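Residue-level structure breakdown
Okay, here's what each chain looks like letter by letter:
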Amino acid sequence: MRILAIESSCDETAAAYLEVDRAKIKRLEHIVSSQLIHAKYGGVVPEVAARAHAETMPKLLAALAKKVVGSEDGEKLGKKIDVVAATRGPGLVTSLRVGLDTARALAIAWRKKLVGVNHIEGHIYANWLGNKTLQAASPKKIFPALILVVSGGHTELLLMKDHGDHRLLGATRDDASGEAFDKSAKLMGLGYPGGPAISRLAAKGNPFAVDFPRPMLHEANYDFSFSGLKTAVRYFIDDHRDKMSDSQFTADLAASVEQAIVEVLVAKTIRAARDTGAKTLMLAGGVAANKKLRIMLAAATAEKLPNVAFMEPPLEYCTDNAAMIAMAAAYRALAKDFKQPSKTDVDPNWELGRM
Ligand code: KG4
Ligand code: ZN
C-alpha cells in the first residue's frame, strides 16, 4: 500500500510518502516546513498559521513529488498512490482545513481512498517508524499499551487496547506539559518553542536548585496540572530579577523547571502502567523529544516494571510531521476506515478515547 499523508494541524506544514507491506515500511520520504513567523509573537497565531499553510502546501507537495518520482509531475505521483491521508483533528480549525481540503481534492482528482487521521494517534504511531519489531508484531504482543502523550496542546495518559481502540485514563486539567515548557521559557526570555530552549539550558544546571511544586504527584488519579508551575516560575523570576543575567542561575532555574515537569510525568505514568497491566509503555508528542524525560522514564520502567517494554519515537518524529500521520493512516486503511472525500470535514476537538 502506498500512502500520501498531509499534516497541518498547528504550525508545521508537512507531507510524507509511505510504502508499506501490511505495516512493514518499504519506503518513507517526508518533508516538514516549520513556520518560523510565530517566534516573534511568542506563540502560534491561528490566522497567520492557516495562511502560511496555504502558501506552503503546493510547494511542499511539489518537493515531495520530486523526491518520490524524480520530478514535480503530480500526475506521476498520483499514479503511485493508493491512499491519500490527512490530519482531521484535533488542532486549529483553519490550519486543519488547509491540509484536509488538499487531501480531499487530491482523492477526488486521483480517484483514491481517503483516510482522516487523529493527530494524537499520529504521534503514537511515531513509535512504529524506525521500529521493525512493532511493524511486524501481532497486536497480542504489544497491547494493552500505556501511552504518555505530551505535546504542546495535550498531556494525557491513554490505554491503547488495540489498533484504533483507546481509553483516556487521565489528562491535564489546565496547561499541557509542552505549554509549561513554552510559558516558562517565555517568562525567562528564551523564545518559542520553549521546550528545546529550556532543555538545552538545563543541561548545564542543577535540577534541585529550586524546589518548584510537583502538582498532583500524590493524588490517586491519572490527571495532571501544570498552570501552578508557571505561576511559581513567574513569582520566582520577579523575586530574583537581579540574578537573571547570571548564566549559571538561569541554567539552574531551567533545570529545576524541567525536573519538576518530568518527575510528575514519570511517577504518574509508571503508576498507570502498573495499575493497567500494560505490556508496553510508549512516549508520544513533541515533549517526547526531551532527553531527561526519555532517560528518566526508561530508567523507572526498567527498575519498577521490568516486564514492560519501554518505547520512544525516533527524535526526528517526535514533533509534528506527516510520516507519523502516514503510519497511523496505514493502520486505519488496513481496518478499511475510509472517508468520503466530498463529505468529510475537520474535527478540531476530536478526543481520542474519552468514554
Ligand atoms: O507535538 P508537537 O510538535 O505539537 C503539538 O501537537 O502540540 O509539540 C510541540 C511541543 C512544544 O510545546 C515544544 O516546546 C515541545 O513540544 N518540545 C519540547 C522539546 N522539543 C519540543 N519540550 C521539552 N523538551 C524538548 N526537547
Ligand atoms: Zn503534535
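Here the structure is a predicted model, which is why all the values come from computation and not from measurement.

So, about the overall build of the chain. For the chain, the count of helices and strands is 12 helices and 10 strands. At 20 Å, the chain has a C-alpha radius of gyration in line with the 20 Å of a compact globule built from 355 residues. Overall size of the chain, expressed as C-alpha extent along the three principal axes, is 60 × 45 × 35 Å. Out of the 355 residues in the chain, the part that is buried amounts to 55%. Taking the contacts inside the chain whose residues are at least 6 apart along the sequence as the reference set, 74% of them involve residues at least 24 apart. On the chain, roughly 15200 Å² of surface is accessible, and the fraction owed to carbon and sulfur atoms is 51%. Between the mean site of the 47 positive side-chain charges and the mean site of the 40 negative ones, the chain shows a separation of 6 Å.

Let's shift gears to the site of ligand 1. Near ligand 1, the surroundings consist of 20 residues, among which His123, Gly152, Asp182, Gly195 and Gly286 are the closest. His119 is positioned such that a nitrogen or oxygen atom in its side chain is 3.1 Å from an oxygen atom of ligand 1. Asp320 is positioned such that a nitrogen or oxygen atom in its backbone is 3.0 Å from an oxygen atom of ligand 1. Computed on the free molecule, ligand 1 has an accessible area of 560 Å², of which 89% lies beneath the protein chains in the complex. Looking at the shell around ligand 1, the elements with two or more residues in it are helix 4 (119-125), helix 7 (177-187) and helix 8 (194-202). Here the element with the most residues in the shell around ligand 1 is helix 8; it accounts for 4 residues. Per-class residue counts for the shell around ligand 1 are 5 nonpolar, 13 polar and 2 charged.

Pairing is mixed across the open sheet formed by 5 strands, whose spatial order is 8-7-6-9-10. If you trace the sheet from one side to the other, it starts and ends with strand 8 (165-171) and strand 10 (309-311), each paired once. Going across the sheet, the axis of each strand differs from the next one's by a mean of 20°, ignoring polarity.

Before going further, it helps to examine unusual backbone geometry. The linkage connecting Phe143 with the following residue, Pro144, adopts the cis geometry, with an omega of 5°. Mapped onto the elements of the fold, Pro144 is located in the loop between helix 6 (139-142) and strand 6 (145-150). The amide bond that connects Tyr192 to the next residue, Pro193, takes the cis arrangement and shows omega of -5°. In this structure, Pro193 sits in the loop between helix 7 and helix 8. One non-glycine residue with positive phi stands out, namely Arg111, at about 55°. Residue placement: Arg111 occurs in the loop between helix 3 (93-110) and strand 5 (113-118). Overall, Arg111 belongs to the exposed group, its relative accessible area being 77%.

Glancing now at the sheet that holds strand 2 (residues 12-21). Strand order in the open sheet formed by 5 strands is 3-2-1-4-5, and the pairing between neighbours is mixed. Of all strands in the sheet, those with a lone pairing partner are strand 3 (24-34) and strand 5, marking the two edges. If you compare each strand with its neighbour and ignore which way they point, the axes differ by 20° on average. Examined bridge by bridge, strand 2 and strand 3 share 10 bridges and lie antiparallel to one another. Across the sheet, residue Ala15 finds its bridge partner in strand 3, namely Ile31. Seen against the sheet, helix 1 (residues 46-69) touches strand 1 (2-7), strand 2 and strand 3 and runs at an angle of roughly 145° to strand 3. The strands touched by helix 12 (residues 323-334) are strand 1, strand 2, strand 3, strand 4 (83-89) and strand 5; relative to strand 1, the strand with the most contacts, the crossing angle is about 130°.

Okay, the pattern of salt bridges next. Counted according to the given criterion, the structure contains 17 salt bridges. Two residues, Arg167 and Asp165, come together in a salt bridge whose shortest N-O distance is 2.9 Å. For Asp175, the salt bridge is made with Lys230, and the minimal N-O distance between the two is 3.2 Å. Here Lys230 lies in helix 9 (residues 227-239) and Asp175 lies in the loop between strand 8 and helix 7, a separation of 55 residues in the sequence. One exposure class covers both Asp175 and Lys230, and it is buried. One continuous salt-bridge network, built from bridges that share partners, spans Asp175, Glu179, Lys183 and Lys230.

Cut-offs applied
Residues numbered from 1 in each chain as written. Chains lettered and ligands numbered in written order. Predicted model: local features only at pLDDT ≥ 70, side-chain atom pairs only at ≥ 80, totals over all residues. Heavy atoms only, no water. Helix = DSSP H or I, 4+ residues; strand = E, 2+ residues; numbered from the N terminus. Rg over C-alpha atoms; globule rule 2.2 N^0.38 Å. Buried < 20%, exposed > 50% of the residue type's maximum accessible area, 1.4 Å probe, protein only. Contact = heavy atoms within 4.5 Å. Areas by Shrake-Rupley, 256 points an atom, 1.4 Å probe, with all protein chains shown as cover. Lys, Arg positive; Asp, Glu negative; His and termini not counted. Charge placed at Lys NZ, Arg CZ, Asp CG, Glu CD. Near = heavy atom within 4 Å. Polar contact = N/O pair within 3.5 Å; in protein donor to acceptor, adjacent residues only side chain to side chain. Nonpolar A, V, L, I, M, F, W, Y, C, P; charged D, E, K, R; others polar. Pairing = 2+ DSSP bridges. Axes fitted to C-alpha atoms, helices over the stretch in contact; angles between N-to-C directions. Salt bridge = Lys/Arg side-chain N within 4 Å of Asp/Glu carboxyl O.

From the geometry alone we can't say anything about function, so treat these as descriptive.
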